[in-house]
Amino acid sequence: MTKLSTLLLCLIFFGLCISYSQNSKTKVSYYPNENWKVSTPEEQGVDSEKLLKMFESIQSTPTLDFHSILVVRNGHLITEAYWTPYNKNTTHNIKSASKSIISALVGIALDKKYLNSLDQKVSEFYPEYVIDSLKQTISLHDLLTMTGGLDWMEDAGPSPFDLESWNKTPMRDTSGEIFEYNTAMTHMMSAILTKATGVSTERFANKWLFKPLGITNYQWTKSNDGIYHGGFDIFLTPRDMAKFGYLYLRNGQWNEKQIVPNEWVKESTTKKVNIPVEVAYAEGLNYGYWWWIQEKGYMAWGSGGQYIIVNPDLDLVIVITATDGFDDINLYAKFMRQFLENYIYSAVISNAPIPAKPLILEKLTNRVKELENPKIAFEQMPKIAGVVSSKNYILDKNDIGFQSTSFIFSDSTCIWEYNIGGHPINLKVGLNGNYLINDIGYSMGVNPGGDKIACKGYWNSNEFTIEHHIIGDPTKQIFTFSFDGDEINMHLTTYGLDVTIKGIKEK
């Protein structure tokens, strides 16, 4: 063999090695359709004992109310847990995590030439909502970085939430300078996408984002102005949330097609603005284009504990849905940072498989099964249940519209009826720690296609508590009823509300 032929063979072999090296990650990576590939944690270099401790910690902390946790490593689903009454097919309001989806749509619209650049002004699309000369300087870049300058308090902004909020809200700062979290910015962008593309934001998202990812089980609500909400109210299953995170983990590519431009993924998930130090819930975070930037990766974050977390260095996607259980968002944000570090990030040990832990894995598997199908512990029904059963209680006039309530108790079920605003609602309430799901056939303002309400109840002496939860909503209503002769006290706590209403038995 000549020196030349030997050299050529070496070059070919070297080229094959390079090709295999470049494609080795692709061999590990894949793009799920209806299902994800499932693996044990150890097969993906993750310590299942840390994950087991995570679930033990959650179950031992009464304030925590998780609905689901999914962990994807190297493209494999290594942990998937749902707390009753949730399962893998339940769509969940991802709240402000919706903003990161709108961010992806902006990148797609720029790539498809529906938008020219981020320097374009809001006034180019909707001059009628930026009559104030200071507002006319607001650009698409300002919207994406939450630096529009409006004098806005996120939970106390104009209501109803629509484009008119732009005319109702004065300017406070010069646009492009100061971060102020503001859902009016994302709603305006939804309206701009609608005008620029000639179709609704939902149709645009379905064609260019959801359909390519195989996302079909979703809902999305509109505002009073007919625009799909730009900053909240997208309903997705946790597995589809993971698909969106995985799309970003793979730099916007899906099945060898570039869905979101690679450069947009990089730009939108890197720091673009300084967050004022007084924004305590953002301690340790930066902000990109409607993505929160962590020290380790980035995340879509919605109120109540809705997360799509992407950690490229560890090849991780983490999905969490929850009711946060914290009155203080600052405490919750601090808890979540510690939670990720202590139980998930620290569980990642290697890029290669590690020795199996069959006994730990069995415990982990059983623990996860019990969350969705908990063991029922039968409780003794107190005498007061028979006394109040089938009695109707007329409630005092109140600001939230409750007019009456009644109960019919059996061994394992309570039929609970309440009248609110002249509308009777009849629900089955599971006893002995068991939720029962009621399909009420219409929307109470959560799921546009009709709400399902899960209820469970339990006694504590003469007090009967009902956990009332609209499936898919990150809030829960806790009703506690206490009885004293012919009188009743109904104590209701939920997000932003704590009220006691008195009543008396109907003659």
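Here is what the cut-offs are and how they apply
- Residues numbered from 1 in each chain as written.
- Predicted model: local features only at pLDDT ≥ 70, side-chain atom pairs only at ≥ 80, totals over all residues.
- Heavy atoms only, no water.
- Helix = DSSP H or I, 4+ residues; strand = E, 2+ residues; numbered from the N terminus.
- Rg over C-alpha atoms; globule rule 2.2 N^0.38 Å.
- Buried < 20%, exposed > 50% of the residue type's maximum accessible area, 1.4 Å probe, protein only.
- Contact = heavy atoms within 4.5 Å.
- Areas by Shrake-Rupley, 256 points an atom, 1.4 Å probe, with all protein chains shown as cover.
- Lys, Arg positive; Asp, Glu negative; His and termini not counted.
- Charge placed at Lys NZ, Arg CZ, Asp CG, Glu CD.
- Axes fitted to C-alpha atoms, helices over the stretch in contact; angles between N-to-C directions.
- Left-handed = near helix turned anticlockwise from the far one by under 90°.
- Nonpolar A, V, L, I, M, F, W, Y, C, P; charged D, E, K, R; others polar.
- Expected span 1.5 Å × (residues − 1).
- Bend = angle between axes of the 7 residues up to and from the residue.
- Pairing = 2+ DSSP bridges.

Observations regarding the overall build of the chain
Right, on to step 1. Each helix and strand in the chain was counted, giving 12 helices and 23 strands.
Right, on to step 2. Here the C-alpha radius of gyration of the chain, 26 Å, is about what a compact globule of 507 residues would show, namely 23 Å.
Right, on to step 3. Overall, the chain is about 105 × 65 × 40 Å in size when its C-alpha atoms are taken along their principal axes.
Right, on to step 4. Every one of the 507 residues in the chain was classed for burial, and the buried ones make up 52%.
Right, on to step 5. Restricting to contacts in the chain with at least 6 residues of sequence separation, those with at least 24 account for 58%.
Right, on to step 6. A total of about 23,500 Å² of accessible surface is found on the chain, and carbon and sulfur atoms cover 51% of it.
Right, on to step 7. Here the chain contributes 46 positive and 56 negative side-chain charges, whose respective centroids are spaced 8 Å apart.

Digging into the packing of helix H3 (residues 98-111) against helix H6 (residues 183-197)
Right, on to step 1. Running from amino to carboxyl end, H3 crosses H6 at an angle of 35 degrees, the nearest separation of the two axes being 11 Å. In this structure, H3 crosses over H6, and the sense of that crossing is left-handed. Every residue of H6 that contacts H3 at Lys 99, Ile 102, Leu 105, Val 106 and Ala 109 is listed here: Thr 183, Thr 186, Met 189 and Leu 193.
Right, on to step 2. Across the contact of H3 with H6, the residue classes break down as 6 nonpolar, 2 polar and 1 charged.

So, helix H7 (residues 201-213)
Right, on to step 1. If you check H7, its first and last C-alpha atoms are 17 Å apart, about what 13 residues at 1.5 Å a residue would give, namely 18 Å.
Right, on to step 2. Along H7, the sharpest change in direction is near 45 degrees and occurs at Lys 207.
Right, on to step 3. Taken together, the buried positions of H7 are occupied by Thr 201, Glu 202, Phe 204, Ala 205, Leu 209, Phe 210 and Leu 213.
Right, on to step 4. Check the buried side of H7 and you find it contacts H3, H6, strand E5 (219-220), helix H8 (238-249) and strand E7 (253-254).
Right, on to step 5. Trailing H7 by a residue or two, Gly 214 shows a phi angle of about 75 degrees, which is positive.

Some thoughts on the pairing of strand E3 (residues 76-82)
Right, on to step 1. With 6 of its 7 residues buried, E3 lies for the most part within the structure.
Right, on to step 2. Strand direction decides the pairing type here: strand E1 (residues 37-38) and E3, joined by 2 bridges, are parallel. Directly across from Val 38, in E3, lies its bridge partner Leu 77.
Right, on to step 3. Examined bridge by bridge, strand E2 (residues 65-73) and E3 share 6 bridges and lie antiparallel to one another. Across the sheet, Arg 73 pairs through a bridge with His 76, a residue of E3.
Right, on to step 4. Between E2 and E3, which pair antiparallel in sequence order, lie 2 residues; one of them, Asn 74, sits at a positive phi of approximately 55 degrees.

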